[in-house]
Amino acid sequence: MRSNTVDTRSSWPARLPAAGLVAAPLVWLAGWVVMRLGGSAGPNIGWDVAHALWIVSFVLFGAAAYGLYRMAGSSSTGRVALAVAFTGAATLVVQMVIDLAVGWRAADKAAMSDRYDEVFAVPGVELVFFMIGPMLLFAGLLALVVVAAARHTVPVWRVLLVVTGIGLMAAGRQADGVLRLVEGLGAVLLWLALAPLAGRVGAAGVGQASWSGRRRTSSTAP
């Protein structure tokens, strides 16, 4: 008997990147708001919540990078950019775990400073997980958007929006006082640049999954 069931389980790889494109900047922004509202005075619950949100956001950024890779097409440049973004996302997750562990082991802000001194005494930790690694995520994302624009799957103005968003996030991180709001504005611009792309990634992936499911169903012996 021929089955009419369409197997859509294979559509999940499309749904996760689409969710990442929409949610990653917003979840990061939520963590940023929590940190600005008192988490930076840690160790406290705000510190823990902000870093937990950031861990989720960096996983979602990795998924978003895969979505951009699919839009950019399978090329050597795209694969390198994807690997760079994945590496950056992984190092940022490790950085967040380190931050959480430091907070849990410290009674106050001064003790946190001492704990960080212990962590940074390990060769390579500060360089890899706090300096070079984090830059790789956003460098990889930008490279993927540029490749997608070169293939005419992303408009050039959206590339400029990504550049502006990342630039403001980086600049705001070095600012103090009210100028720190620039960092949050950068995240909003990054969301405006990436979120509209989710529909393209999701629609393409679900369509491919449905076609694959129909093909498997039609080939089933009666």
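No experiment lies behind these values; they were computed from the predicted model shown.

Reading guide: rules and limits
Residues numbered from 1 in each chain as written. Predicted model: local features only at pLDDT ≥ 70, side-chain atom pairs only at ≥ 80, totals over all residues. Heavy atoms only, no water. Phe/Tyr/Trp six-rings, centres within 6.5 Å; stacked < 30°, edge-to-face > 60°. Helix = DSSP H or I, 4+ residues; strand = E, 2+ residues; numbered from the N terminus. Buried < 20%, exposed > 50% of the residue type's maximum accessible area, 1.4 Å probe, protein only.

A. How the structure looks around the packing of aromatic side chains. By the definition in use, this model includes seven aromatic pairs. Aromatic pair F61 and F138: ring centres 5.9 Å apart, planes at 70 degrees, arrangement edge-to-face. With F61 in helix α2 (residues 45-72) and F138 in helix α5 (residues 125-150), this pair connects stretches of sequence that are 77 residues apart. Of the two residues, F61 and F138, both sit in the buried class. Seen from their ring centres, F120 and F130 are 5.0 Å apart, and the 80 degrees between their planes marks the pair as edge-to-face. You can see F120 sitting in helix α4 (residues 109-120) and its partner F130 sitting in helix α5, a full 10 residues away along the chain. Its relative accessible area of 21% is what places F130 among the partly exposed residues. Feature note: the residues F58, F61 and F138 constitute an aromatic cluster, connected by ring pairs.

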